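Structural overview
Each chain is listed here by its residues.
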Amino acid sequence: TLDDLVPEKKPIGFMKFDVEGAELYVFQGARRILSESRPIVLFECASSGISGFGITPAQIFEFITHDLDYRVFFLKDWLAQGPPLELPKFESAMKYPFQAFNFVAAPRSTGARAGA
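Rules used throughout
- Just so you know, the residues in each chain are numbered from 1, in the order the chain's sequence is written.
- For this predicted model, a pLDDT threshold of at least 70 governs which residues receive local features, and a threshold of 80 or more governs which side-chain atom pairs are given and counted, while totals over whole chains, interfaces and linings are taken from all residues.
- Just so you know, side-chain values use all the structure's heavy atoms and leave hydrogens and water out.
- Elements are defined by DSSP. Helices are runs of H or I of four residues or more, strands are runs of E of two residues or more, and each kind is numbered from the N terminus.
- In this setup the radius of gyration rests on C-alpha atoms only. A globule is expected at 2.2 Å times the number of residues raised to 0.38.
- Buried, partly exposed and exposed residues are distinguished by accessible area as a fraction of the type maximum, computed with a 1.4 Å probe on protein chains only: under 20%, between the cut-offs, and over 50%, respectively.
- We call two residues contacting when some pair of their heavy atoms lies within 4.5 Å.
- Shrake-Rupley sampling with a 1.4 Å probe provides the accessible areas, and residues are treated as covered by the protein chains on show and by no other component.
- Note on charges: Lys and Arg go in the positive column, Asp and Glu in the negative column, and His and the chain ends are not counted at all.
- A single reference atom marks each charge: NZ on Lys, CZ on Arg, CG on Asp, CD on Glu.
- If DSSP finds at least two bridges between two strands, the strands pair.

1. Focus: the overall build of the chain
Scanning the chain for helices and strands turns up seven helices and four strands. Across the chain, helices and strands are ordered from the amino to the carboxyl terminus as α-β-α-α-β-α-α-β-α-α-β. In summary, the chain has a C-alpha radius of gyration of 13 Å against a globular reference of 13 Å for 116 residues, a match within 12%. The dimensions of the chain, computed from C-alpha atoms along their principal axes, are 40 × 35 × 20 Å. Within the chain, the fraction of its 116 residues that count as buried is 42%. Taking the intrachain contacts of the chain between residues at least 6 apart in sequence as the baseline, contacts between residues at least 24 apart amount to 74%. Counting only carbon and sulfur atoms, one obtains 57% of the accessible surface of the chain, whose full area is about 6100 Å². Here the chain contributes 12 positive and 14 negative side-chain charges, whose respective centroids are spaced 6 Å apart.

2. Side note on helix H5 (residues 57–67)
Pro 57, Ile 60, Phe 61, Phe 63, Ile 64 and Thr 65 are the residues of H5 that are buried. With its phi angle positive at about 60°, Asp 69 sits one or two positions after the end of H5.

3. Notes on unusual backbone geometry
The phi angle at Glu 20 is positive, at roughly 50°, despite the residue not being glycine. Looking at the secondary structure, you find Glu 20 in the loop between strand S1 (14–17) and helix H2 (23–29). Taking the relative accessible area as the measure of exposure, Glu 20 reaches 53% and is therefore exposed. Positive phi, close to 55°, is recorded for Arg 38, a residue that is not glycine.

4. A few points about the pairing of strand S4 (residues 102–107)
Here S4 lies mainly inside the structure; five of its six residues are buried. Two elements, strand S2 (residues 40–44) and S4, share four bridges in a ladder whose sense is antiparallel. Across the sheet, residue Val 41 finds its bridge partner in S4, namely Ala 105. With five bridges joining them, strand S3 (residues 70–74) and S4 adopt antiparallel strand pairing. Paired with Arg 71 across the two strands is Ala 106, which belongs to S4.

5. Notes on the environment of Lys 16
Locating Lys 16 in the fold gives a position in strand S1. The partly exposed category is assigned to Lys 16, whose relative accessible area is 45%. In this structure the C-alpha to C-alpha distance between Lys 16 and Glu 44, which are 28 residues apart in sequence, comes to 8.3 Å.

6. A word on the pairing of S2
Counting buried positions along S2 yields four of five residues, so the element is predominantly enclosed. Sheet analysis places S1 next to S2, joined by four bridges and oriented parallel. By the bridge assignment, Phe 17 is partnered in S2 with Phe 43.

7. Remarks on the side chain of Arg 32
Tracing the backbone shows Arg 32 in helix H3 (residues 31–37). The residues touching Arg 32, leaving out its near neighbours within four places in the chain, are Leu 2, Asp 3, Val 6, Pro 7, Glu 8 and Lys 9.

Right, here's the structure in full:
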């Protein structure tokens, strides 16, 4: 896991995940890093990829927002300091016609960009 590879207390400010459907597992394997450093995460997520792992968008969204205390954004909205996504919008973004494949996960504690 990333938690095994990155030394404890090593500050991490940004992470990018493009793991073709294994997003939930990577988030789970980076729990310590995400809890300690609270980096911004850019991640690709498509229903076609996650379905191959038997994962739903809701499982990813719930882990990010509840277990990690992060918020999820469309990249364009995060850059514009717009509002975070709610679960229905995250799920619908991955259905045709696709709205996005790349999302930002930002900790709630980062102020306006996290929608706090």
